[in-house]
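One-letter residues, chain by chain:
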Amino acid sequence: MSNARMLPGGPVAEAILADVRKRVEAMKAQGVAPSLATILVGDDDASAGYIRIKQKQAAELGFESPHTHLPADAKQEDLLAVIQGYNDDRAVHGVLVQYPVPGHLDYDAALQSLDPDKDVDGLHPLNMGRLALGMPGPLPCTPAGIEEILAFYEIPVSGKNVVILGRGATLGRPLAMMLAQKRPTANAAVTVVHTGVPDWADYTRRADILIAAAGVPGIIQPEHVRPGAVVIGGGVRYEGRRLLPDVDESVEEVAGAITPRVGGVGPTTVAMLFRNAIAAAERA
(Lines give C-alpha, C1' and ligand atoms only; values in the text may rest on other atoms or scores of the structure.)
Protein backbone atom coordinates (compact mmCIF):
# COMPACT_ATOMS: atom_id res chain seq x y z
CA MET A 1 0.00 0.00 0.00
CA SER A 2 1.52 3.31 -1.10
CA ASN A 3 1.56 6.19 1.36
CA ALA A 4 4.01 8.18 -0.73
CA ARG A 5 3.03 11.59 -2.04
CA MET A 6 3.11 11.48 -5.85
CA LEU A 7 5.19 14.06 -7.72
CA PRO A 8 3.89 13.98 -11.30
CA GLY A 9 5.83 15.96 -13.91
CA GLY A 10 2.74 17.03 -15.88
CA PRO A 11 1.68 20.03 -13.73
CA VAL A 12 5.33 21.19 -13.54
CA ALA A 13 5.67 21.00 -17.34
CA GLU A 14 2.37 22.89 -17.81
CA ALA A 15 3.61 25.76 -15.62
CA ILE A 16 6.91 25.95 -17.57
CA LEU A 17 5.15 25.79 -20.96
CA ALA A 18 2.62 28.49 -19.97
CA ASP A 19 5.61 30.80 -19.44
CA VAL A 20 7.19 29.70 -22.75
CA ARG A 21 3.90 30.33 -24.59
CA LYS A 22 3.76 33.94 -23.29
CA ARG A 23 7.34 34.51 -24.43
CA VAL A 24 6.58 33.04 -27.89
CA GLU A 25 3.62 35.41 -28.25
CA ALA A 26 5.80 38.38 -27.23
CA MET A 27 8.37 37.47 -29.91
CA LYS A 28 5.72 36.99 -32.58
CA ALA A 29 4.33 40.41 -31.68
CA GLN A 30 7.76 41.76 -32.67
CA GLY A 31 7.53 39.91 -35.99
CA VAL A 32 9.89 37.03 -35.14
CA ALA A 33 8.77 33.38 -35.15
CA PRO A 34 10.94 31.28 -32.79
CA SER A 35 12.27 28.18 -34.51
CA LEU A 36 13.49 24.82 -33.21
CA ALA A 37 15.04 22.52 -35.82
CA THR A 38 15.23 18.76 -35.29
CA ILE A 39 17.53 16.18 -36.91
CA LEU A 40 16.80 12.44 -36.91
CA VAL A 41 19.17 9.84 -38.36
CA GLY A 42 17.75 6.41 -39.18
CA ASP A 43 14.45 4.78 -38.25
CA ASP A 44 14.64 3.97 -34.53
CA ASP A 45 11.02 3.78 -33.31
CA ALA A 46 11.58 5.39 -29.91
CA SER A 47 13.62 8.26 -31.44
CA ALA A 48 11.02 8.90 -34.15
CA GLY A 49 8.38 8.94 -31.41
CA TYR A 50 10.35 11.52 -29.42
CA ILE A 51 10.67 13.73 -32.49
CA ARG A 52 6.90 13.55 -33.07
CA ILE A 53 6.24 14.58 -29.45
CA LYS A 54 8.62 17.54 -29.82
CA GLN A 55 7.12 18.64 -33.16
CA LYS A 56 3.58 18.43 -31.78
CA GLN A 57 4.63 20.48 -28.75
CA ALA A 58 6.40 22.98 -31.02
CA ALA A 59 3.20 23.46 -33.03
CA GLU A 60 1.11 23.93 -29.88
CA LEU A 61 3.51 26.58 -28.56
CA GLY A 62 3.76 28.42 -31.88
CA PHE A 63 7.32 27.44 -32.78
CA GLU A 64 8.44 26.83 -36.34
CA SER A 65 9.88 23.30 -36.46
CA PRO A 66 11.99 22.53 -39.52
CA HIS A 67 13.03 18.87 -39.58
CA THR A 68 15.68 16.83 -41.39
CA HIS A 69 15.44 13.04 -41.50
CA LEU A 70 18.63 11.38 -42.72
CA PRO A 71 18.73 7.68 -43.75
CA ALA A 72 20.29 5.14 -41.36
CA ASP A 73 23.32 4.78 -43.66
CA ALA A 74 24.04 8.54 -43.73
CA LYS A 75 27.72 9.44 -43.45
CA GLN A 76 29.21 11.65 -40.72
CA GLU A 77 29.78 14.45 -43.27
CA ASP A 78 26.07 14.34 -44.22
CA LEU A 79 25.10 14.91 -40.60
CA LEU A 80 27.69 17.67 -40.14
CA ALA A 81 26.45 19.39 -43.31
CA VAL A 82 22.86 19.46 -42.00
CA ILE A 83 24.03 20.86 -38.64
CA GLN A 84 26.16 23.50 -40.41
CA GLY A 85 23.15 24.51 -42.50
CA TYR A 86 21.06 25.10 -39.37
CA ASN A 87 24.01 26.87 -37.65
CA ASP A 88 24.15 29.32 -40.57
CA ASP A 89 20.38 29.84 -40.81
CA ARG A 90 19.53 33.02 -38.90
CA ALA A 91 15.84 32.03 -38.82
CA VAL A 92 16.63 28.88 -36.77
CA HIS A 93 17.24 29.59 -33.07
CA GLY A 94 17.62 26.09 -31.63
CA VAL A 95 18.87 22.76 -33.02
CA LEU A 96 18.30 19.29 -31.60
CA VAL A 97 20.17 16.19 -32.82
CA GLN A 98 18.06 13.24 -31.62
CA TYR A 99 20.11 10.76 -29.61
CA PRO A 100 21.09 7.97 -30.18
CA VAL A 101 22.42 8.09 -33.72
CA PRO A 102 23.34 4.88 -35.64
CA GLY A 103 26.51 3.22 -34.32
CA HIS A 104 28.83 4.21 -37.16
CA LEU A 105 28.27 7.93 -36.49
CA ASP A 106 30.08 10.03 -33.88
CA TYR A 107 27.40 11.82 -31.83
CA ASP A 108 29.95 13.75 -29.73
CA ALA A 109 31.64 15.15 -32.83
CA ALA A 110 28.23 16.15 -34.22
CA LEU A 111 27.38 17.85 -30.92
CA GLN A 112 30.68 19.75 -30.94
CA SER A 113 29.98 21.05 -34.45
CA LEU A 114 26.71 22.62 -33.24
CA ASP A 115 26.61 26.35 -32.52
CA PRO A 116 26.63 26.34 -28.65
CA ASP A 117 24.08 29.16 -28.61
CA LYS A 118 21.64 26.94 -30.56
CA ASP A 119 22.23 23.92 -28.30
CA VAL A 120 18.79 23.37 -26.73
CA ASP A 121 19.90 20.12 -25.03
CA GLY A 122 22.53 22.01 -23.00
CA LEU A 123 25.06 19.24 -23.69
CA HIS A 124 27.64 21.06 -25.84
CA PRO A 125 31.05 21.07 -24.07
CA LEU A 126 30.97 24.88 -23.90
CA ASN A 127 27.57 24.84 -22.17
CA MET A 128 28.70 22.08 -19.78
CA GLY A 129 31.67 24.34 -18.99
CA ARG A 130 29.33 27.28 -18.38
CA LEU A 131 27.35 25.09 -15.97
CA ALA A 132 30.52 23.98 -14.13
CA LEU A 133 31.55 27.63 -13.69
CA GLY A 134 28.06 28.82 -12.72
CA MET A 135 27.76 30.99 -15.85
CA PRO A 136 24.39 31.47 -17.58
CA GLY A 137 23.63 29.15 -20.49
CA PRO A 138 21.21 26.42 -21.57
CA LEU A 139 20.93 23.69 -18.92
CA PRO A 140 20.68 19.96 -19.71
CA CYS A 141 16.95 19.26 -19.88
CA THR A 142 16.47 16.21 -17.64
CA PRO A 143 18.50 17.57 -14.69
CA ALA A 144 16.88 21.01 -15.05
CA GLY A 145 13.46 19.33 -15.08
CA ILE A 146 14.29 17.43 -11.88
CA GLU A 147 15.28 20.66 -10.11
CA GLU A 148 11.97 22.18 -11.31
CA ILE A 149 9.98 19.21 -9.90
CA LEU A 150 11.60 19.65 -6.48
CA ALA A 151 10.95 23.41 -6.57
CA PHE A 152 7.35 23.08 -7.81
CA TYR A 153 6.37 20.68 -5.02
CA GLU A 154 8.26 22.86 -2.48
CA ILE A 155 10.57 20.04 -1.41
CA PRO A 156 13.39 21.65 0.61
CA VAL A 157 16.74 21.03 -1.06
CA SER A 158 19.02 23.61 0.58
CA GLY A 159 21.33 21.93 3.11
CA LYS A 160 19.77 18.51 2.47
CA ASN A 161 21.62 15.26 1.82
CA VAL A 162 21.08 14.51 -1.88
CA VAL A 163 22.40 11.24 -3.31
CA ILE A 164 22.51 10.66 -7.07
CA LEU A 165 22.96 7.06 -8.27
CA GLY A 166 24.53 7.43 -11.71
CA ARG A 167 27.21 9.70 -13.18
CA GLY A 168 26.24 9.97 -16.84
CA ALA A 169 27.04 13.11 -18.82
CA THR A 170 23.38 13.86 -19.59
CA LEU A 171 21.94 13.42 -16.09
CA GLY A 172 23.96 12.44 -12.99
CA ARG A 173 27.00 14.66 -13.55
CA PRO A 174 25.24 17.90 -14.55
CA LEU A 175 22.53 17.42 -11.89
CA ALA A 176 25.20 17.09 -9.18
CA MET A 177 26.71 20.41 -10.29
CA MET A 178 23.31 22.10 -10.40
CA LEU A 179 22.04 20.96 -7.00
CA ALA A 180 25.31 21.94 -5.29
CA GLN A 181 25.13 25.52 -6.62
CA LYS A 182 24.08 28.41 -4.41
CA ARG A 183 20.44 28.93 -5.40
CA PRO A 184 17.28 28.74 -3.29
CA THR A 185 16.18 25.59 -5.19
CA ALA A 186 19.61 23.92 -4.84
CA ASN A 187 22.43 24.49 -2.30
CA ALA A 188 22.48 20.81 -1.19
CA ALA A 189 25.18 18.43 0.04
CA VAL A 190 25.42 16.24 -3.06
CA THR A 191 26.98 12.76 -3.23
CA VAL A 192 27.35 10.95 -6.55
CA VAL A 193 27.62 7.15 -6.43
CA HIS A 194 27.39 4.55 -9.18
CA THR A 195 27.29 0.81 -9.71
CA GLY A 196 31.12 0.72 -9.57
CA VAL A 197 30.87 1.57 -5.84
CA PRO A 198 30.41 -1.82 -4.08
CA ASP A 199 28.50 -0.38 -1.08
CA TRP A 200 26.45 2.24 -2.99
CA ALA A 201 23.33 1.31 -0.96
CA ASP A 202 25.05 2.60 2.22
CA TYR A 203 24.93 6.03 0.61
CA THR A 204 21.42 5.85 -0.84
CA ARG A 205 19.97 4.77 2.53
CA ARG A 206 21.22 8.02 4.11
CA ALA A 207 19.69 10.30 1.48
CA ASP A 208 16.98 12.87 2.22
CA ILE A 209 16.51 13.04 -1.55
CA LEU A 210 17.51 10.07 -3.73
CA ILE A 211 17.77 10.54 -7.48
CA ALA A 212 18.04 7.39 -9.60
CA ALA A 213 20.00 8.09 -12.77
CA ALA A 214 21.66 4.74 -13.50
CA GLY A 215 19.64 3.46 -16.46
CA VAL A 216 19.50 0.03 -14.78
CA PRO A 217 15.90 -1.24 -14.57
CA GLY A 218 14.69 -1.84 -11.00
CA ILE A 219 18.07 -1.12 -9.38
CA ILE A 220 16.42 0.88 -6.56
CA GLN A 221 14.47 -1.43 -4.24
CA PRO A 222 12.75 -0.54 -0.92
CA GLU A 223 15.79 -1.64 1.14
CA HIS A 224 17.93 1.00 -0.63
CA VAL A 225 15.74 3.89 0.54
CA ARG A 226 15.47 5.60 3.92
CA PRO A 227 11.79 5.56 5.02
CA GLY A 228 10.19 8.91 4.24
CA ALA A 229 12.85 9.98 1.74
CA VAL A 230 12.03 11.77 -1.52
CA VAL A 231 12.74 9.51 -4.53
CA ILE A 232 13.09 10.87 -8.08
CA GLY A 233 13.30 8.32 -10.90
CA GLY A 234 15.44 9.92 -13.58
CA GLY A 235 16.96 6.88 -15.27
CA VAL A 236 15.00 4.71 -17.68
CA ARG A 237 15.76 2.11 -20.27
CA TYR A 238 13.62 1.01 -23.19
CA GLU A 239 13.04 -2.57 -24.27
CA GLY A 240 11.25 -2.03 -27.55
CA ARG A 241 8.27 0.12 -26.49
CA ARG A 242 8.39 -0.88 -22.82
CA LEU A 243 9.69 1.72 -20.42
CA LEU A 244 11.79 0.17 -17.63
CA PRO A 245 12.47 2.64 -14.79
CA ASP A 246 15.37 2.50 -12.33
CA VAL A 247 13.01 2.69 -9.35
CA ASP A 248 10.99 -0.44 -8.53
CA GLU A 249 7.27 0.10 -7.94
CA SER A 250 7.50 -1.30 -4.40
CA VAL A 251 9.63 1.74 -3.35
CA GLU A 252 6.33 3.65 -3.07
CA GLU A 253 5.74 1.75 0.18
CA VAL A 254 8.73 3.35 1.95
CA ALA A 255 9.23 6.70 0.21
CA GLY A 256 7.70 9.88 1.60
CA ALA A 257 7.33 11.30 -1.91
CA ILE A 258 8.09 9.79 -5.31
CA THR A 259 7.80 10.51 -9.03
CA PRO A 260 5.30 8.20 -10.79
CA ARG A 261 6.68 5.48 -13.05
CA VAL A 262 5.07 7.11 -16.10
CA GLY A 263 4.68 10.89 -16.37
CA GLY A 264 7.41 11.71 -13.85
CA VAL A 265 10.55 13.31 -15.23
CA GLY A 266 9.63 12.85 -18.95
CA PRO A 267 7.18 15.77 -19.35
CA THR A 268 9.53 18.23 -17.59
CA THR A 269 12.44 17.18 -19.84
CA VAL A 270 10.47 18.19 -22.95
CA ALA A 271 9.30 21.43 -21.27
CA MET A 272 12.88 22.43 -20.41
CA LEU A 273 13.87 21.84 -24.04
CA PHE A 274 11.39 24.51 -25.10
CA ARG A 275 12.47 26.83 -22.28
CA ASN A 276 16.04 26.56 -23.66
CA ALA A 277 14.73 27.10 -27.20
CA ILE A 278 12.77 30.28 -26.38
CA ALA A 279 15.75 31.65 -24.41
CA ALA A 280 17.97 31.00 -27.47
CA ALA A 281 15.46 32.81 -29.70
CA GLU A 282 15.33 35.77 -27.30
CA ARG A 283 19.14 36.00 -27.21
CA ALA A 284 19.35 35.88 -31.01
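Anything mentioned here points back to the structure above.
The notes below deal with the structure included here. As the structure is a prediction and not an experimental result, all values here were calculated from the model. (Residues numbered from 1 in each chain as written. Predicted model: local features only at pLDDT ≥ 70, side-chain atom pairs only at ≥ 80, totals over all residues. Heavy atoms only, no water.)

Side note on the side chain of His93
In step 1: With respect to the helices and strands, His93 occurs in the loop between helix H3 (76–88) and strand S4 (94–97).
In step 2: For His93, a relative accessible area of 7% puts it in the buried group.
In step 3: Apart from residues lying up to four places away in sequence, His93 is in contact with Val32, Ala33, Pro34, Ser35, Asp117, Lys118, Ala280, Ala281 and Ala284. (Helix = DSSP H or I, 4+ residues; strand = E, 2+ residues; numbered from the N terminus. Buried < 20%, exposed > 50% of the residue type's maximum accessible area, 1.4 Å probe, protein only. Contact = heavy atoms within 4.5 Å.)

Describing the sheet that holds S4
The strands making up a sheet associate through backbone hydrogen bonding, with each pair oriented either parallel or antiparallel.
In step 1: With respect to topology, three strands assemble into an open sheet ordered S3-S2-S4, the strand pairing being parallel. Edge positions in the sheet fall to strand S3 (67–70) and S4, since each of these pairs with one other strand and no more. Between one strand axis and the next, the sheet turns by 10 degrees as a mean value, whatever way the strands run.
In step 2: Looking at chain direction, strand S2 (residues 36–41) and S4 are connected through four bridges and run parallel. Considered in S4, the bridge of Thr38 is made with Leu96.
In step 3: Packed onto the sheet, helix H2 (residues 45–61) meets S2, S3 and S4 and runs at close to 165 degrees relative to S2. (Pairing = 2+ DSSP bridges. Axes fitted to C-alpha atoms, helices over the stretch in contact; angles between N-to-C directions.)

Some remarks on the packing of helix H5 (residues 125–133) against helix H7 (residues 172–180)
Each pair of packed helices gets described by two things: the angle between the helix axes and the distance between those axes.
In step 1: Where H5 meets H7, the axes come as close as 9 Å, and the angle between the chain directions of the two elements is 30 degrees. Viewed along their axes, H5 and H7 adopt a mutual orientation that is roughly parallel. Residue-level contacts link Met128, Leu131 and Ala132 of H5 to Pro174, Met177 and Met178 of H7.
In step 2: Residues of the contact of H5 with H7, tallied by class, amount to six nonpolar, no polar and no charged. (Parallel < 35°, antiparallel > 145°, perpendicular 65-115°, else oblique. Nonpolar A, V, L, I, M, F, W, Y, C, P; charged D, E, K, R; others polar.)

Concerning the nonpolar core
In step 1: Ranked by size, the top nonpolar core spans 49 residues in total, and within it Phe63, Ile211, Ile232 and Phe274 carry the most contacts.
In step 2: Considering each element in turn, this core owes the most residues, nine residues, to helix H9 (residues 265–283).
In step 3: Each residue touching Ile211, except ones within four places of it in the same chain, is listed here: Ile146, Val162, Val163, Ile164, Leu165, Leu175, Leu179 and Ile232.
In step 4: Listed in part, the 20 residues of the second largest apolar core include Val41, Ala74, Val82 and Tyr86. (Core = buried A, V, L, I, M, F, W, Y, C linked by side-chain atoms within 4.5 Å.)

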